[in-house]
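Report on the structure
As a plain string of letters, each chain reads:
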Amino acid sequence: QVQLVESGGGLEQPGGSLRLSCAASGTIVNINVMGWYRQAPGKERELVATFTGGGSTNYADSVKGRFTISRDNPKNTVYLQMNSLKPEDTAVYYCNAAGVITRTRIDRELWGQGTLVTVSA
């Protein structure tokens, strides 16, 4: 079974930086889209950024110019570099993978366990 394992969350000052990592474990042939979502207290989960297998990226307007998503396909890992952090970035960040292909099955969509990012002075 493929699982998404996240790391890198924590506490950071406004204006600071954090780098989130998410590795898909298992015998994986290919992953179409990997991305990051977040959910702040009392709010719905929202898209932060996505990265397709073909190299196309998409960002929420609120993070454009500050966050960068990247992928290391041999490691089946996606990263989120978060710069110029703001208090409103505080949320639980979830890793997402869509179109996960193994020898025996295709998973439409998988989610990580979530990692908390807190931005506060």
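Residues numbered from 1 in each chain as written. Predicted model: local features only at pLDDT ≥ 70, side-chain atom pairs only at ≥ 80, totals over all residues. Heavy atoms only, no water.

The next point concerns the packing of aromatic side chains. The final tally for this structure, using the stated rule, is 1 aromatic pair. Between arginine 45 and the ring centre of tyrosine 94, over which it is positioned, the NZ or CZ distance is 4.0 Å. When the ring centre of tryptophan 111 is taken as origin, the NZ or CZ atom of arginine 45, which lies over that ring, is 4.5 Å away. (Phe/Tyr/Trp six-rings, centres within 6.5 Å; stacked < 30°, edge-to-face > 60°. Lys NZ or Arg CZ within 6 Å of the ring centre and 35° of its normal.)

Before going further, it helps to examine the state of the cysteines. One pass over the full model with this rule turns up 1 disulfide. The disulfide that involves cysteine 22 links it to cysteine 95, with 2.1 Å between the sulfurs. One quick way to see it: the torsion about the S-S bond of cysteine 22 and cysteine 95 is about -85°, and its sign makes the bridge left-handed. With a gap of 73 residues between them, cysteine 22 in strand 3 (residues 18-25) and cysteine 95 in strand 9 (residues 91-101) connect regions that are remote in the sequence. Its relative accessible area of 0% is what places cysteine 22 among the buried residues. (Disulfide = S-S within 2.5 Å. Helix = DSSP H or I, 4+ residues; strand = E, 2+ residues; numbered from the N terminus. Buried < 20%, exposed > 50% of the residue type's maximum accessible area, 1.4 Å probe, protein only.)

The subject of this paragraph is the nonpolar core. By size, the foremost hydrophobic cluster in this structure holds 31 residues, and its most contacted members are Trp36, Val48, Phe67, Ile69, Leu80, Met82 and Tyr93. The element that contributes the greatest number of residues to this core is strand 9, accounting for 5 residues. (Core = buried A, V, L, I, M, F, W, Y, C linked by side-chain atoms within 4.5 Å.)

The strand order across the open sheet built from 4 strands is 1-3-8-7, with neighbouring strands paired in antiparallel fashion. Each of the sheet's edge strands pairs with one partner strand only, and the pair in question is strand 1 (3-7) and strand 7 (67-72). Direction aside, neighbouring strands of the sheet carry axes that sit 15° apart on average. The sheet contact formed by strand 1 and strand 3 spans 5 bridges and is antiparallel. Across the sheet, the residue bridging to serine 7 is serine 21, located in strand 3. (Pairing = 2+ DSSP bridges. Axes fitted to C-alpha atoms, helices over the stretch in contact; angles between N-to-C directions.)

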